[in-house]
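Single-letter residue listing:
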Amino acid sequence: MKKIDLNCDMGESFGAWTMGLDGEVIQHVTSANIACGYHAGDAHVMYKTVKLAKENGVAWVRTRDTRTSWASAGATVTARPGRSATTRPTRSGP
């Protein structure tokens, strides 16, 4: 049986600006590209989107290098080559 990876860009909200319907779409995808790097998304949104993906069994990758982005947002990041970053915010988001 052939399988299709249904992928979606997610986590593009920033502060008071909500972009997309991540909570609704996540139920229908098998993988997600999570915006990290402040071209879209902030630390709070990144954290919530990763949590949402994990809760729904959705594979995820970051769209930019989170080591720099998250560190500047006050978060601790553990990144391993070939794997998604694991994160733990060190302060509460907006």
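All values derive from a computational prediction rather than experimental measurement.

**So, the overall build of the chain**
No. 1: When you go through the chain residue by residue, the secondary structure sums to three helices and five strands.
No. 2: Out of the 94 residues belonging to the chain, those deemed buried represent 32%.
No. 3: Contacts in the chain between residues at least 24 apart in sequence constitute 59% of all its contacts with a sequence separation of at least 6.
No. 4: In the form shown here, the chain has an accessible surface area of approximately 6,100 Å², with 54% of it arising from carbon and sulfur atoms.

**Considerations on the side chain of N33**
No. 1: Relative to the elements of secondary structure, N33 occurs in strand 2 (residues 31–34).
No. 2: The class of N33 is buried, set by a relative accessible area of 18%.
No. 3: A polar side-chain atom of N33 sits 2.8 Å from a polar atom in the side chain of D9.

**Examining helix 2 (residues 43–55)**
Residues spaced three or four apart along an α-helix point in a common direction, a consequence of the helix completing one turn every 3.6 residues.
No. 1: Here helix 2 is 13 residues long and its end C-alpha atoms lie 18 Å apart, about the 18 Å a rise of 1.5 Å per residue gives.
No. 2: Inspection of helix 2 places A43, V45, M46, T49, V50 and A53 among the buried residues, and these make up the whole buried set. Along the axis of helix 2, the buried positions cluster into a sector of 165 degrees, meaning they face one direction only.
No. 3: Backbone nitrogen of H44 and a side-chain oxygen of the N-cap are separated by 3.2 Å at the start of helix 2; the cap is D42.

**Details of the confidence of the model for the chain**
No. 1: Across the chain, pLDDT averages 75, with 64% of residues at or above 70.
No. 2: Highest mean pLDDT in the chain belongs to helix 1 (residues 22–25) (94); lowest belongs to strand 5 (residues 86–89) (45).
No. 3: In this model residues 68–94 is a low-confidence stretch, pLDDT under 50, and it forms 47 contacts with partners more than four residues away in sequence or in other chains.

**Quick look at the sheet that holds strand 2**
No. 1: With parallel pairing, three strands are arranged side by side in an open sheet as 1-2-3. In this open sheet, the two strands that pair with only one neighbour each are strand 1 (7–10) and strand 3 (59–62). Geometrically, the sheet is characterised by an average inter-axis angle of 25 degrees between neighbouring strands, direction not taken into account.
No. 2: With four bridges joining them, strand 1 and strand 2 adopt parallel strand pairing. Residue pairing across strands places D9 opposite N33, the latter belonging to strand 2.
No. 3: Packed on one face of the sheet, helix 2 meets strand 1, strand 2 and strand 3 and runs near 155 degrees to strand 3.

About the cut-offs
Residues numbered from 1 in each chain as written. Predicted model: local features only at pLDDT ≥ 70, side-chain atom pairs only at ≥ 80, totals over all residues. Heavy atoms only, no water. Helix = DSSP H or I, 4+ residues; strand = E, 2+ residues; numbered from the N terminus. Buried < 20%, exposed > 50% of the residue type's maximum accessible area, 1.4 Å probe, protein only. Contact = heavy atoms within 4.5 Å. Areas by Shrake-Rupley, 256 points an atom, 1.4 Å probe, with all protein chains shown as cover. Polar contact = N/O pair within 3.5 Å; in protein donor to acceptor, adjacent residues only side chain to side chain. Expected span 1.5 Å × (residues − 1). Arc of directions from axis to C-beta. pLDDT = per-residue confidence, 0-100. Pairing = 2+ DSSP bridges. Axes fitted to C-alpha atoms, helices over the stretch in contact; angles between N-to-C directions.

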